[in-house]
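Here is what each chain is made of, one letter per residue.
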Amino acid sequence: MTRDRSATAILLGCALLLSMAGCMVDHTARFEKAYQDWIAFADAQPAGETAAGSEAQAVRLRDEAVRLLGEEVPGLQGDAAFYAGSLLQAAGRPADAGPLLENCLTHLDGERADLARMAAAAALLETGEPDPAREHLMAVTDRGITPTVTGSFNSLVFELVEVLEEKSRWSDTLPLLELVRDSGDEGLSPVAARWIAYIHRDAGDEELAAAAARDAMARFPDDENLNTRMVNFIHQHGLVNQPLPDVPRMTWIGTIQLVSGLAGLLEGQVGLIDLWAPWCPPCRKSFPFLRDLQEHHGEAGLRVVGLTRLYGYYEDEETRIPDTPPEKELELIEAFAASHHLTWPVGVAAEGDSLFSTLGVAGIPNFIIVDRQGVVRGTFLGETAPVRRQIEELTIKLLQQ
């Protein structure tokens, strides 16, 4: 789901963890030099980038790590296993790193064991093993070692939650999100609080979802962004089984510029409204699904409509243009819609208008399904397999009525 989280680069986190290890003996000292190189390299990268971002040096460091470890990896224990496993993880070999990191747990305790569990969880996530990764994260005992380590732990939790969401394993995600919420991380704790509300709604428990939203606002009363989202979140559920509210007038791009409003577009149709933005990766990921639905069910009466708004800047997967004038931003959105083959009407609201508050948008992509009589029948947040499945099931049901 896009719920706009701020992710900490896992490679950077792993590299920083390595710098906290204790004294080394024998060949372990040779491992130290290699990962210290990784630490210095990762530290030098711009925020949000990993060592892999500078290809030539990253390749050199990976090759050096592999050469250094050579045939000595099997049988390593304790500090040596921890250093070697973490180095392999940083070098892009999680399948080799995971067993080493798990093996060293029998020889480490306290903070060192927690660091190893986190590195092992990262490796296991990369190799598609969420259950042992979850066990390692739940077993971490000291989540307040340093702000950097706390951030890395929290970022790993979000990575795992996204995997579990795809499997509809709602109950497994909640304890992890509660750990992040209570961690004191200024950036991610509020995000976890609102994700807890989202998860309850995804699981079909609206009473718990509303309670979690109110709890999030009570915990973080000064977080304006969180509180706006949670107010919208609660408001959107109130739209279900009610006529779709009037939305602000907007500019319609492409071949339907003369259309006067959303109500006219949806009259007599089953409407699937997609609230999105060009800067949102999960929004872009949802486009093929929406295109497929429109192609398969358009003749039966389905109409997909995209709604977005001006932000005062423009960003997509290739471009970021700050301080974009409205006319230019609208032009860029129209070009984006054409290049991404959005074959449905797209309306663009003015910057700062009431579109998102009127429709209760707490995050994007956000989908609202309206029946042929113009009544809201369902709302969905995020881009996951369960959400896609629920949207398709409700759409087909309404088309058959």
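Before reading further, recall that the structure is shown in the block above.
Residues numbered from 1 in each chain as written. Predicted model: local features only at pLDDT ≥ 70, side-chain atom pairs only at ≥ 80, totals over all residues. Heavy atoms only, no water.

To continue, consider helix 9 (residues 170-181). The end-to-end C-alpha distance of helix 9 is 16 Å, a good match for the 16 Å that 12 residues give at a rise of 1.5 Å each. Taken together, the buried positions of helix 9 are Trp170, Thr173, Leu174, Leu176, Leu177, Val180 and Arg181. (Helix = DSSP H or I, 4+ residues; strand = E, 2+ residues; numbered from the N terminus. Expected span 1.5 Å × (residues − 1). Buried < 20%, exposed > 50% of the residue type's maximum accessible area, 1.4 Å probe, protein only.)

Taken as a whole and assessed by the stated rule, the structure comprises 14 salt bridges. Where Glu383 meets Arg388, a salt bridge forms, and the shortest distance between an N and an O atom there is 2.7 Å. You can call Glu383 buried: its relative accessible area is 6%. Judged by its relative accessible area of 24%, Arg388 falls in the partly exposed class. Salt bridges sharing partners connect three or more residues here, namely Arg181, Asp182, Asp215 and Arg219. (Salt bridge = Lys/Arg side-chain N within 4 Å of Asp/Glu carboxyl O.)

What follows is about the pairing of strand 7 (residues 366-370). Counting buried residues in strand 7 gives 5 out of 5 residues, a clear majority hidden from the surface. Residues Asn366, Ile368 and Val370 line one face of strand 7 and the alternating positions Phe367 and Ile369 line the opposite face, and both faces are buried. The pairing of strand 2 (residues 270-275) with strand 7 spans 5 bridges and is classified as antiparallel. Each bridged residue has a counterpart across the sheet, and for Leu272 the counterpart in strand 7 is Ile369. (Pairing = 2+ DSSP bridges.)

Together, Asp292, Glu295, Glu392 and Glu393 make up a negatively charged patch on the protein surface. Mapped onto the negative patch, the elements with two or more residues apiece are helix 14 (281-297) and helix 17 (385-399). Topologically, Asp292 is positioned in helix 14. Note on Asp292: relative accessible area 36%, which makes it partly exposed. (Patch = residues over 30% accessible without salt bridge, like charges linked within 9 Å, V, L, I, M, F, W, Y side chains within 5 Å. Areas by Shrake-Rupley, 256 points an atom, 1.4 Å probe, with all protein chains shown as cover. Lys, Arg positive; Asp, Glu negative; His and termini not counted. Charge placed at Lys NZ, Arg CZ, Asp CG, Glu CD.)

Take the environment of Pro345 next. Mapped onto the fold, Pro345 is located in the loop between helix 15 (326-339) and strand 6 (346-349). Using a relative accessible area of 10% as the deciding quantity, one classes Pro345 as buried. Placed 93 residues apart in sequence, Pro345 and Trp252 show a C-alpha to C-alpha distance of 7.1 Å.

Orientation of helix 14 relative to helix 17, taken along the N-to-C sense of each, is 20°, at an axis distance of 12 Å. Of the possible angle classes, the one that applies to helix 14 and helix 17 is roughly parallel. Every pair of crossing elements has a handedness; the one defined by helix 14 and helix 17 is right-handed. Residues Phe289, Leu293 and His297 of helix 14 lie in contact with helix 17, whose contacting residues are Arg388, Ile391, Glu392, Ile396 and Leu399. Looking at the contact of helix 14 with helix 17 residue by residue, the classes come out as 5 nonpolar, 1 polar and 2 charged. (Axes fitted to C-alpha atoms, helices over the stretch in contact; angles between N-to-C directions. Parallel < 35°, antiparallel > 145°, perpendicular 65-115°, else oblique. Left-handed = near helix turned anticlockwise from the far one by under 90°. Contact = heavy atoms within 4.5 Å. Nonpolar A, V, L, I, M, F, W, Y, C, P; charged D, E, K, R; others polar.)

Counted according to the given criterion, the structure contains 2 cavities of 30 Å³ or more. Taken as a whole, the second largest cavity spans an internal volume of roughly 30 Å³. Together, Pro278, Trp279, Arg309, Tyr311, Tyr313, Tyr314, Glu315, Glu329 and Ile333 line the second largest cavity. Counting only elements with at least two residues in the lining of the second largest cavity, the list comes to strand 4 (314-315) and helix 15. For the lining of the second largest cavity, the residue count by class is 6 nonpolar, no polar and 3 charged. (1 Å grid on protein atoms, 1.4 Å probe; cavity = no way out; pocket = protein on both sides within 12 Å on 5 of 7 lines; lining within 4 Å. Points joined across faces, edges and corners; volume = space filled by probe spheres on them.)

This brings us to the packing of helix 7 (residues 130-139) against helix 9. It is at 11 Å that the axes of helix 7 and helix 9 come closest, and there the two elements cross at 35°. The two elements helix 7 and helix 9 cross, and the hand of that crossing is left-handed. Across the interface between the two elements, Arg134, Leu137 and Met138 of helix 7 pack against Asp172, Pro175, Leu176 and Leu179 of helix 9. Taken together, the residues of the contact of helix 7 with helix 9 break down into 5 nonpolar, no polar and 2 charged.

Scanning the model with the defined rule gives 1 disulfide in all. The residue that forms a disulfide with Cys280 is Cys283, at a sulfur-sulfur distance of 2.4 Å. Note on the Cys280 and Cys283 pair: the S-S dihedral is about 80°, so by sign convention the disulfide is right-handed. One exposure class covers both Cys280 and Cys283, and it is buried. (Disulfide = S-S within 2.5 Å.)

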